[in-house]
Amino acid sequence: MKNNKKTAGCGTIIFLWVIVSAVLGVILSSVNETGQGIGFIISASVFIGFAITIVITLFTRAFKASTEVKRQKKDRQEGITRYSPLIHVGGLPAPENSKASVVLTPAELIVNCDGHEYVLSIKKILDVDYQINIDEARYLRSGLMERTAASGMDGTAEARNLKHYAIISYEDAQEVHKTFLLRDEDVRKEVVFNLIERLRLIKKTTIGE
């Protein structure tokens, strides 16, 4: 994942460099009153274009970093936490096994998945659990939380094959009990574990469970 992001970033910089250099080449050619050769114009365009691209890239990154710091500060003030990357296993009206992220506020749990936003009031959440290597179909069929003595383990597995799940049972607008599952995209980050711990704390402090 990280390598893909780095590759995409380099590709964007190179693309911007090419565009800026091409534009500069056209401009320099149109104002070339000293009769400079095409080779000189191309070299000058590439060099100046590279310098401008670096300046634009640094400015853009600084702006994004500043924006992120402000957002994080606002989140802390409002008691908001964010969780990603996640996978929506099923249970919501969204494609199964699609990428998702969660925004958790003192009043709502917001799941962003497949370009859609699903908002669930904390008061509508009946139960939450964190388990490893569960039978996904069983939880989605039941609609209610099913705790087992084995903590949801389907059997032994090597650490690299473990799947970590957030299991969230809730009541919909028609007062029907339903369950949806999220799991870590990268098991090393323990995103769902942190989500469930924070969600339990919010439920305890706001509802008194």
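Residues numbered from 1 in each chain as written. Predicted model: local features only at pLDDT ≥ 70, side-chain atom pairs only at ≥ 80, totals over all residues. Heavy atoms only, no water.

Quick word on helix 2 (residues 38–78)
Line of reasoning, step 1. Across its 41 residues, helix 2 extends 59 Å between first and last C-alpha, which sits within 8% of the 60 Å expected from 1.5 Å per residue.
Line of reasoning, step 2. Looking at helix 2, one finds that the buried residues are Ile41, Ala44, Ser45, Gly49, Thr53, Thr57 and Asp75.
Line of reasoning, step 3. Just beyond helix 2, the residue with positive phi is glycine 79, at close to 70 degrees. (Helix = DSSP H or I, 4+ residues; strand = E, 2+ residues; numbered from the N terminus. Expected span 1.5 Å × (residues − 1). Buried < 20%, exposed > 50% of the residue type's maximum accessible area, 1.4 Å probe, protein only.)

Regarding the pairing of strand 7 (residues 177–184)
Line of reasoning, step 1. Among the eight residues in strand 7, six count as buried, and that is most of the element.
Line of reasoning, step 2. With four bridges joining them, strand 1 (residues 81–90) and strand 7 adopt antiparallel strand pairing. Note on strand 7: the bridge partner recorded for isoleucine 87 is arginine 183.
Line of reasoning, step 3. Here strand 6 (residues 164–171) runs beside strand 7; their pairing, made up of seven bridges, is antiparallel. When the sheet's bridge partners are listed, serine 169 is paired in strand 7 with threonine 179.
Line of reasoning, step 4. Linking two consecutive strands that pair antiparallel, namely strand 6 and strand 7, is a turn of five residues; a positive phi of about 65 degrees is found at glutamate 175 within it. (Pairing = 2+ DSSP bridges.)

Re the sheet that holds strand 4 (residues 116–121)
Line of reasoning, step 1. If you trace the seven strands from one edge of the open sheet to the other, you get 4-3-2-1-7-6-5, paired in antiparallel fashion. The strands lining the two open edges of the sheet, one partner per strand, are strand 4 and strand 5 (125–132). Adjacent strand axes in the sheet meet at a mean angle of 30 degrees, parallel and antiparallel pairs treated alike.
Line of reasoning, step 2. Each of strand 1, strand 2 (98–104), strand 3 (108–113), strand 5, strand 6 and strand 7 is contacted by helix 4 (residues 191–206), which is oriented at about 150 degrees to strand 5, the strand it contacts most. (Axes fitted to C-alpha atoms, helices over the stretch in contact; angles between N-to-C directions. Contact = heavy atoms within 4.5 Å.)

Regarding unusual backbone geometry
Line of reasoning, step 1. Put simply, serine 84 and proline 85 share a cis peptide bond, and its omega is 0 degrees.
Line of reasoning, step 2. Structurally, the position occupied by proline 85 is in strand 1.
Line of reasoning, step 3. In this structure, asparagine 97 takes a positive phi of about 60 degrees despite not being glycine.
Line of reasoning, step 4. Looking at where asparagine 97 falls in the secondary structure, it is placed in the loop between strand 1 and strand 2.
Line of reasoning, step 5. The partly exposed category is assigned to asparagine 97, whose relative accessible area is 49%.

Overview of the layout of surface pockets
Line of reasoning, step 1. Its volume calculated, the second largest pocket comes out at about 170 Å³.
Line of reasoning, step 2. The class makeup of the residues in the lining of the second largest pocket is nine nonpolar, one polar and two charged. (1 Å grid on protein atoms, 1.4 Å probe; cavity = no way out; pocket = protein on both sides within 12 Å on 5 of 7 lines; lining within 4 Å. Points joined across faces, edges and corners; volume = space filled by probe spheres on them. Nonpolar A, V, L, I, M, F, W, Y, C, P; charged D, E, K, R; others polar.)

Coordinates in, geometry out; function isn't part of it.
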